[in-house]
2 protein chains.
Amino acid sequence: MRIGGIEAGGTKFVCGVGNEQGEVVDSISFPTEDPETTLGKAIAYFKEKSVDAIGIGSFGPIDIRPGSPTYGYVTTTPKPGWGNVDFLGTLRREFDVPYGWNTDVNAAAFGEAAWGAAKGLKSCLYYTVGTGIGIGVFLEGRLVQGLVHPEGGHMLTRRHPGDDFAGLCPYHGDCLEGMASGPAIEARWNVKGHELPSNHPAWEMEAYYIAQSITGAVLLNSPEKVILGGGVMQQSQLFPLIREAVKANLNGYVSASEIVERMDEYIVPPGLGQQAGLCGAFALGLAALQSQVPSL
Amino acid sequence: MRIGGIEAGGTKFVCGVGNEQGEVVDSISFPTEDPETTLGKAIAYFKEKSVDAIGIGSFGPIDIRPGSPTYGYVTTTPKPGWGNVDFLGTLRREFDVPYGWNTDVNAAAFGEAAWGAAKGLKSCLYYTVGTGIGIGVFLEGRLVQGLVHPEGGHMLTRRHPGDDFAGLCPYHGDCLEGMASGPAIEARWNVKGHELPSNHPAWEMEAYYIAQSITGAVLLNSPEKVILGGGVMQQSQLFPLIREAVKANLNGYVSASEIVERMDEYIVPPGLGQQAGLCGAFALGLAALQSQVPSL
């Protein structure tokens, strides 16, 4: 089987072809420009590839409610030109194959559950911490959709005692994304995050906010794995700081051995590394294909 | 069909018999004493009832992980005598029927989805705000279980600007339960909540904390309905305060019409009223029965 995948980010698109083991057979990447140009490039790529299905993990907000008149659209995004764009329909008009369609972070969570750090588990959360913050939610063997789709990056936070930064979110000011995204780090310290030394107090503060969100999400949803990806999480010194802070926050209340004894295996980087997004798109495409062929 | 239900609370047990429409045919209630006495009374009640299945929604923490050696146990509860008690096994030894077993709040969420305020929906959250705070999580048509089970009542909160109350939670101090449970209201104001006038500032503060948790849970899980039950929520003046605060918190970010236009129908009291817990237990029992008879 040949599964097409699109990791549609606000900055760049990655298109690829994978197999049913989630292995990348081929891929290309190009900057995200206006919809016509960008989707045109994606279509040109798949023209030559004869894929059996296509999975798309997209930046958003997007409409993922089956039956909605704007299902498959990018909806109210502030990204110029992309508001109210029929992403999925544009592809459908070119290729008559089953489609998987979800948010970028839900796709990554799905890929990690299929082939990565949450393989074999019924649940995980996938955080991306970068230009923005998103949380993919996979529970009871399913991606959570609901009213719209998870937007956990905007959960409200308790302020770090030593932090007087106002926060960058245009909607909420000091929500998680407003306080802990890459641009928030840069605005708070007047230097790009990757230029800060690994023992700079910025990282303890960053860990404080991310850990607070993880604590709430673990209490609410009890996921079996928490996976942290995105550009900011390339700062690997964050992992032990976050694990310690989550443990301190929970303070023994959740007595599962995964948390009390094996925290190093509970809060982890993506098993699929930088390919979590693209492989997640493959996983969506594969699931769409399999749901059309019940005997698989 | 005759479905048995047990709403097992830390203060009282309700046992009953319902039909497949979730209607209560018969019920009794008695105080929660030691496990032997209390489970003995439940067993004595069902001896005469010839039920086809039994559903149990229990106080916790409990073990709901299928395959776990202590599946069916009340685990680390501080309630004297109830730690490490084989609740489900004690019933099983008496009645050879299918069993549903979950937390009290998950059961209530399930009942509301079957016959109450979330009827026909694939998702809802059920809050109980009383002696403690619990959040039942029903998403994608399934109750969320995961690593242990949802314990959202202990999510961390941002402090109300006018509040210097330390919080009552022995684990987390000023988590949601520590700041907004019935005992927290009483400790903060030195008077029982139901003795405070409905225009007392206590209620705006209470709404602030509950709304903050709902905001986070709506962002993370995107539920189609949020249902608020429990003793504290008998103060009906809380509902408009909570709805306004959630809307202000979200600040237009989640543009679903359910939130922007129909908030009065989005955050609601239990459709099953005081019977949400018992009917939830029936729904668990009915689901257990149906999963054994796939043709139903």
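Calculation criteria
- Residues numbered from 1 in each chain as written.
- Chains lettered and ligands numbered in written order.
- Predicted model: local features only at pLDDT ≥ 70, side-chain atom pairs only at ≥ 80, totals over all residues.
- Heavy atoms only, no water.
- Least-squares fit on C-alpha atoms with pLDDT ≥ 70 in both.
- Contact = heavy atoms within 4.5 Å.
- Phe/Tyr/Trp six-rings, centres within 6.5 Å; stacked < 30°, edge-to-face > 60°.
- Helix = DSSP H or I, 4+ residues; strand = E, 2+ residues; numbered from the N terminus.
- Lys NZ or Arg CZ within 6 Å of the ring centre and 35° of its normal.
- Pairing = 2+ DSSP bridges.
- Buried < 20%, exposed > 50% of the residue type's maximum accessible area, 1.4 Å probe, protein only.
- Polar contact = N/O pair within 3.5 Å; in protein donor to acceptor, adjacent residues only side chain to side chain.
- Domains from an automatic or database assignment.
- Buried area = accessible area lost by both parts, 1.4 Å probe.
- Salt bridge = Lys/Arg side-chain N within 4 Å of Asp/Glu carboxyl O.
- Nonpolar A, V, L, I, M, F, W, Y, C, P; charged D, E, K, R; others polar.
- Axes fitted to C-alpha atoms, helices over the stretch in contact; angles between N-to-C directions.
- Parallel < 35°, antiparallel > 145°, perpendicular 65-115°, else oblique.
- Left-handed = near helix turned anticlockwise from the far one by under 90°.

Q: Looking at this structure, how should I read the relation of the copies chain B and chain A?
A: Both copies of the chain are related by one operation, a rotation about an axis with a shift along it. Mapping chain B onto chain A calls for a screw motion: a turn of 180 degrees about the axis and a shift of 0.0 Å along it, with 0.0 Å RMSD after fitting. Look at the turn and shift together and you get a two-fold axis relating the two. When C-alpha positions in chain B are compared against the rotation axis, the closest is assigned to B:Arg158, at 2.2 Å. The overlap is high: 100% of the interface residues of chain B also sit at the interface in chain A, so the same surface is used on both sides.

Q: Can you help me understand the packing of aromatic side chains in this one?
A: On inspection of all chains with the given rule, the structure shows 22 aromatic pairs over all chains. Geometrically, the ring pair formed by A:Tyr253 and B:Tyr171 is edge-to-face, given 4.8 Å between the ring centres and 75 degrees between the ring planes. On the criterion of chain membership, the pair formed by A:Tyr253 in the loop between helix H7 (238–250) and helix H8 (257–260) and B:Tyr171 in the loop between strand S8 (142–143) and helix H4 (176–180) is interchain, its members lying in two chains. Cluster of aromatic residues (ring-pair linked, three or more members): A:Phe13, A:Phe30, A:Phe59, A:Trp82, A:Phe87 and A:Trp101. Across from the ring centre of A:Tyr45, 4.2 Å away, lies the NZ or CZ of A:Lys49, which sits over that ring.

Q: I keep staring at the sheet that holds strand S7 (residues 133–139) of chain B and nothing clicks. Help me out?
A: Backbone hydrogen bonds hold the strands of a sheet together, and the pairing may be parallel or antiparallel. Residues and elements named next belong to chain B. With respect to topology, five strands assemble into an open sheet ordered S8-S7-S6-S9-S10, the strand pairing being mixed. Across the chains shown, the open sheet's two edge strands, defined by having one partner strand only, are S8 and strand S10 (267–268). Bridge analysis of strand S6 (residues 124–129) against strand S9 (residues 226–229) gives four bridges, and the strand direction is parallel. Residue pairing for S9: Leu125 is matched across the bridge by Val226.

Q: Can you help me understand the sheet that holds strand S10 (residues 267–268) of chain A in this one?
A: Spatial strand order, S8-S7-S6-S9-S10 (chain A): five strands in an open sheet with mixed pairing. Of all strands in the sheet, those bounded by a partner on one side alone are strand S8 (142–143) and S10 of chain A.

Q: What am I meant to see in the environment of A:Thr38 here?
A: Residues and elements named next belong to chain A. Tracing the sequence through the fold places Thr38 in helix H1 (residues 35–47). Look at Thr38 and you get buried, because its relative accessible area is 0%. Sequence spacing of Thr38 and Val129 is 91 residues, and the spatial spacing of their C-alpha atoms is 24 Å. Leave out the neighbours within four places in its chain, and Thr38 touches Phe13, Phe30, Pro31, Thr32, Glu33 and Trp82. There is a polar contact of 2.7 Å between the side chain of Thr38 and the backbone oxygen of Asp34.

Q: What is the right way to read the domain arrangement of chain A from this model?
A: Many structure descriptions define interface size as the accessible area lost when the parts assemble. Residues and elements named next belong to chain A. Taken domain by domain, chain A comprises domain 1 (3–104) and domain 2 (117–269). Relative placement of domain 1 and domain 2: their C-alpha centres are 27 Å apart. Each partner contributes to the interface: domain 1 provides seven residues, whereas domain 2 provides seven residues. Across the domain 1/domain 2 interface, buried area totals approximately 610 Å², and carbon plus sulfur atoms make up 48% of it. Area buried by domain 1 at its contact with domain 2 is led by Ile64, Arg65 and Asn102, which between them contribute 59% of it. Applying the counting criterion to the domain 1 and domain 2 interface returns zero salt bridges. Summed over the shared surface of domain 1 and domain 2, the result is two residue pairs in polar contact (both at pLDDT 80 or more). The class makeup of the residues in the side of domain 1 that touches domain 2 is four nonpolar, two polar and one charged.

Q: So what exactly am I meant to see when it comes to the environment of A:Trp189 here?
A: Take A:Trp189: it is sitting in helix H5 (residues 182–189). With sequence-adjacent residues up to four places away left out, A:Trp189 is seen in contact with A:Leu196, A:His200, A:Pro201, A:Ala202 and A:Met205.

Q: Can you walk me through the pairing of S9(B) in this structure?
A: Regular strands place their side chains on alternate faces of the sheet. All names here are of chain B. Burial of S9 is two-sided: the residues Val226 and Leu228 facing one way and the residues Ile227 and Gly229 facing the other way are all buried. Here S9 pairs with S10 via two bridges, running parallel. Directly across from Ile227, in S10, lies its bridge partner Val268.

Q: Sorry if this is basic, but what is going on with unusual backbone geometry here?
A: Generally, phi is negative for residues other than glycine and the peptide bonds are trans, each holding for most cases. A cis amide bond, omega 5 degrees, links A:Gly60 with the succeeding residue A:Pro61. Phi is positive for A:Asn190, close to 55 degrees, though the residue is something other than glycine. Along the chain, the position of A:Asn190 falls in the loop between H5 and helix H6 (201–221). Positive phi outside glycine occurs at B:Ser50, with the angle close to 40 degrees.

Q: So what exactly am I meant to see when it comes to the pattern of salt bridges here?
A: Opposite charge on two side chains permits them to pair, given that their charged atoms come into close proximity. Overall, the coordinates contain 24 salt bridges over all chains when judged by the stated rule. Residues B:Asp174 and B:Arg159 are paired through a salt bridge, measuring 2.9 Å at the closest nitrogen-oxygen approach. A residue pair is termed long-range when its members are at least 10 positions apart, and B:Asp174 in the loop between S8 and H4 and B:Arg159 in the loop between S8 and H4 qualify at 15 residues. Look at B:Asp174 and you get buried, because its relative accessible area is 16%. For B:Glu186, the salt bridge is made with B:Lys192, and the minimal N-O distance between the two is 3.3 Å. On the accessibility criterion, B:Glu186 (33% relative accessible area) is partly exposed. A relative accessible area of 39% places B:Lys192 in the partly exposed class. One connected set of salt bridges, linked through shared partners, spans A:Arg65, B:Glu258, B:Arg262 and B:Glu265.

Q: Hey, could you run me through the interface of chain B and chain A in this one?
A: The interface of chain B with chain A comprises 47 residues on the first partner and 47 residues on the second. Summing the contributions of chain B and of chain A, the shared interface buries around 4,300 Å²; its carbon and sulfur component is 60%. Summed over the shared surface of chain B and chain A, the result is four salt bridges. B:Arg65 is paired through a salt bridge with A:Glu258; the nearest N and O atoms lie 3.5 Å apart. Taken together, the connections running from chain B to chain A amount to 27 residue pairs in polar contact (both at pLDDT 80 or more). Counting residues per element, the side of chain B that touches chain A draws most heavily on helix H6 (residues 201–221) of chain B, which supplies seven residues. Class assignment for the residues of the side of chain B that touches chain A results in 21 nonpolar, 18 polar and eight charged.

Q: For this particular structure, what's the right way to read the packing of H6(B) against helix H7 (residues 238–250) of chain B?
A: Two packed helices can be described by the angle between their axes and the distance between those axes. Residue and element names in this part refer to chain B. For the pair H6 and H7, the least separation of the axes is 8 Å and the interaxial angle reads 50 degrees. It follows that H6 is oblique to H7 by the angle criterion. As for the relative orientation of H6 and H7, their crossing is right-handed in sense. Mapping the contact onto sequence places Trp203, Glu204, Glu206, Ala207, Ile210, Ala211, Gln212, Ile214, Thr215, Val218 and Leu219 in H6 and Leu238, Leu241, Ile242, Ala245, Val246, Asn249 and Leu250 in H7. Here the contact of H6 with H7 is built from residues that sort into 13 nonpolar, three polar and two charged.

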